[in-house]
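Okay, here's what each chain looks like letter by letter:
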Amino acid sequence: MAGSSHGHTPAAWTGVIIAFIGFCVAGAFMVMAQPAGFWAGMAIVVLGGVVGWIMSKMGMGMPKDVHPVHRTTDRREPAGAES
């Protein structure tokens, strides 16, 4: 996916940053043995996905028609290279 610019949009960055913050919150509260805080962090993780999806639908994501076409490589020997 490195060559396809996958995820290089404001929607993707925002969603991932919010989800990462939620992951950190959930991890901290898990270590502190506070279940309510853990579940609040998990809710923030889900919120990150929802925000990213909404931003994508608002036009801040990569349009479907812009995705590059992935080619397959032909592994046959070139003509005249028979041994």
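Residues numbered from 1 in each chain as written. Predicted model: local features only at pLDDT ≥ 70, side-chain atom pairs only at ≥ 80, totals over all residues. Heavy atoms only, no water.

Chemist: I tried to follow the packing of aromatic side chains on my own but got confused; where do I start?
Modeler: The relative placement of two aromatic rings is captured by the distance of their centres and the angle of their planes. This structure, assessed with the given rule, holds 1 aromatic pair. Centroid distance F38 to W39: 4.9 Å. Interplanar angle 75°. Geometry classified as edge-to-face. Judged by relative accessible area, which is 22%, F38 ranks as partly exposed. A relative accessible area of 57% means that W39 is categorised as exposed. (Phe/Tyr/Trp six-rings, centres within 6.5 Å; stacked < 30°, edge-to-face > 60°. Buried < 20%, exposed > 50% of the residue type's maximum accessible area, 1.4 Å probe, protein only.)

Chemist: It is not clear to me how helix α2 (residues 35–60) should be interpreted in this structure. Could you clarify?
Modeler: Structurally, the α-helix is built with 3.6 residues per turn, so residues lying three or four positions apart point the same way. Taking 1.5 Å of rise per residue, 26 residues should cover 38 Å, and α2 covers 35 Å from first to last C-alpha, within 8% of that figure. Of all the positions in α2, only G37, G41, G48, G52 and M55 are classed as buried. Buried residues along α2 sit in contact with α1 (10–31). (Helix = DSSP H or I, 4+ residues; strand = E, 2+ residues; numbered from the N terminus. Expected span 1.5 Å × (residues − 1). Contact = heavy atoms within 4.5 Å.)

Chemist: It is not clear to me how unusual backbone geometry should be interpreted in this structure. Could you clarify?
Modeler: It is generally the case that most residues other than glycine have a negative phi and that most peptide bonds are trans. For A33, which is not a glycine, the phi torsion comes out positive at approximately 60°. Structurally, the position occupied by A33 is in the loop between α1 and α2.

Taken by themselves, the reported measurements are silent on function.
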